[in-house]
Amino acid sequence: MGKQRKILVTGAAGQVGSDLTRALRERYGNQNVVATSDQGALDHAGPWQYFDIRERMVLDSIVEDHGVDTIFHLAALLSAVAEKDPLKAWDVNMSGLLNVLEVARLRACAVFFPSSIGAFGPLSPRRYTPQDTIQRPTSMYGITKLAGELLCDYYHDHFGVDTRGVRYPGIISWSHTPGGGTTDYAVEIFRAALTTGRYECFLKPGTALPMMYMPDALRASIELMETPAGRLSHRNGFNVAAMSFTPRELAAEIRKHIPHFTMGYAVDPARQAIADSWPQSLDDSIARQEWGWKHEFDLTMMVKDMLEKLSA
Ligand code: NAD
Ligand code: AKB
C-alpha cells in the first residue's frame with residue numbers, strides 16, 4: 001500500500017480486528033480507516049458503523065460513502081463457534097465474503113482475507129505443512145476458509161480484484177479476549193496464570209499447534225497488502241509461521257515467570273478433534289521468498305511480553 005488508502009475493516013470489534021484497526025489508523029490516519037462490526041466495542045477514534053456483513057447493500061453504501069479502496073475482511077465465526085451452528089457459520093463466512101468480493105469487484109477495491117491453519121485437514125502433512133498441498137478440512141470453519149481462499153483466487157483470476165491473504169496460525173494477544181476458536185486456550189491461560197495461578201486446559205497436554213503473537217500477525221497482514229503485486233505468484237492463503245508449541249510447553253514457559261502456576265486438563269472432545277485435524281507446524285518459505293515475511297516473536301519472547309503487558 002504505497003499510496004494513501006481508504007480502508008474498511010469488517011469484524012473490527014474482534015480479537016484481531018480491534019488491534020488491526022488501531023494499527024491501520026496509526027499507519028494511515030484515523031479518518032482513513034472505517035471500523036465495522038455487527039456487535040461489540042468499536043474504536044471511535046475514526047469512522048465506525050454497525051451492520052451485518054450479510055447485508056450487501058449496506059456494505060456497498062459504506063464503501064461508496066467513505067470512498068473505500070481496500071477492505072480488510074475479518075468478520076467470521078471461528079472454529080468452535082462454527083461447529084455449534086454450522087449453517088450459520090456457512091452463511092456468515094461465505095455470504096459475507098461473497099458480498100465483500102462483489103462490492104470490491106464493482107467498486108475496484110483490494111481485499112485482504114485471512115484464512116487459517118483450519119483450511120488444512122487430516123490428510124494434509126501435519127509437520128511443516130507445505131504451502132501447496134492436499135487440503136481436505138473436516139470442520140465447517142475449515143471448509144469455509146478453504147472455499148474462501150478459492151473464491152478469492154477466482155475473483156482475482158476472473159475479475160482482476162486485488163485479493164490477498166494469509167493463513168493465520170492461532171493468534172495470541174493481550175488486549176482482547178478470543179472469539180471462540182480451538183486455539184483460545186493459548187490466550188486464556190495467561191489471565192488465569194496471573195489471577196488464580198491455575199488453568200484448566202481444554203486440549204490434551206501434547207497437542208502441538210502453530211501459533212503467532214499479535215504484533216507479527218498485524219505486520220504480516222499489512223506487509224502483504226503493501227507488497228508490489230508483481231512480486232506475488234501466490235495471492236491467497238499464504239502460510240505464515242512463527243512458533244509451534246503444546247499446552248504442556250506453554251505452561252512450562254509461563255512457570256519460568258510464575259513458578260506456582262499449575263495446569264489441569266478438562267479435555268473438550270469437539271475442540272480436541274478439530275485440533276487433531278490441523279497442522280502441528282507450517283512451512284512458510286513461500287511467503288518468505290515472495291514478500292519477505294519474517295516473524296519476530298518466538299515462544300520465549302511472546303510469553304515474556306504477554307505477562308508484562310497483562311500485568312501492566
Ligand atoms: P473474533 O471472533 O474475535 O471476531 C470476529 C468479528 O466478526 C467480531 O467483531 C464479530 O462481531 C464480527 N462478526 C461476526 N459475525 C458477523 C456478521 N454477521 N456481520 C458482521 N460482523 C460479524 O475473530 P478474530 O479472532 O478477530 O478473527 C478475525 C479473522 O481472522 C477471522 O476471519 C478468523 O477466521 C481469522 N483467523 C483468526 C485466528 C485467531 O487465532 N484469532 C486464526 C486464524 C484466522
Ligand atoms: C480458531 O481456533 O478457530 C482460530 C484459528 C486458528 O483459525 N484461532
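These numbers come from a predicted model, not from an experiment.

### What to know about the environment of Ala12
One can find Ala12 in the loop between strand S1 (7-10) and helix H1 (15-28). It is 8.7 Å that separates the C-alpha atoms of Ala12 and Gly40, two residues lying 28 residues apart in sequence.

### Description of the pattern of salt bridges
Summed over all chains, the structure comprises 19 salt bridges. With its nearest N and O atoms 2.6 Å apart, the salt bridge here joins Asp19 to Arg22. Here Arg22 and Asp19 lie together in helix H1, a separation of three residues that amounts to about one turn. Residue classification places Arg22 among the partly exposed positions, given a relative accessible area of 37%. As a salt-bridge pair, Arg235 and Asp162 come within 2.6 Å of each other at their nearest N and O atoms. Placement of Arg235 in the loop between helix H7 (214-226) and strand S12 (238-239) and of Asp162 in the loop between helix H5 (140-159) and strand S7 (163-164) is noted, with a sequence separation of 73 residues between them. Here Arg235 falls in the buried class, since its relative accessible area comes to 11%. Look at the salt bridges and you will find they share partners, linking Asp52, Arg54 and Asp91 into a network.

### Re the domain arrangement of the protein chain
Taken domain by domain, the protein chain comprises domain 1 (7-169) and domain 2 (171-210 + 242-311). Taking the mean C-alpha position of each, domain 1 and domain 2 sit 23 Å from one another. Counting residues at the interface gives 30 residues for domain 1 and 26 residues for domain 2. It is Gln15, Ile117 and Arg126 in domain 1 that bury the most area against domain 2; as a group they hold 32% of the surface buried on that side. Across the domain 1-domain 2 interface, the total number found is 17 residue pairs in polar contact (both at pLDDT 80 or more). A total of five residues in the side of domain 1 that touches domain 2 trace back to one element, the largest contributor, which is H1. For the side of domain 1 that touches domain 2, the per-class residue count stands at 14 nonpolar, ten polar and six charged.

### Here we look at unusual backbone geometry
The phi angle at Ala108 is positive, at roughly 55°, despite the residue not being glycine. Tracing the sequence through the fold places Ala108 in the loop between helix H4 (86-107) and strand S5 (110-112). A relative accessible area of 65% means that Ala108 is categorised as exposed.

Parameters at a glance
- Residues numbered from 1 in each chain as written.
- Chains lettered and ligands numbered in written order.
- Predicted model: local features only at pLDDT ≥ 70, side-chain atom pairs only at ≥ 80, totals over all residues.
- Heavy atoms only, no water.
- Helix = DSSP H or I, 4+ residues; strand = E, 2+ residues; numbered from the N terminus.
- Salt bridge = Lys/Arg side-chain N within 4 Å of Asp/Glu carboxyl O.
- Buried < 20%, exposed > 50% of the residue type's maximum accessible area, 1.4 Å probe, protein only.
- Domains from an automatic or database assignment.
- Contact = heavy atoms within 4.5 Å.
- Buried area = accessible area lost by both parts, 1.4 Å probe.
- Polar contact = N/O pair within 3.5 Å; in protein donor to acceptor, adjacent residues only side chain to side chain.
- Nonpolar A, V, L, I, M, F, W, Y, C, P; charged D, E, K, R; others polar.

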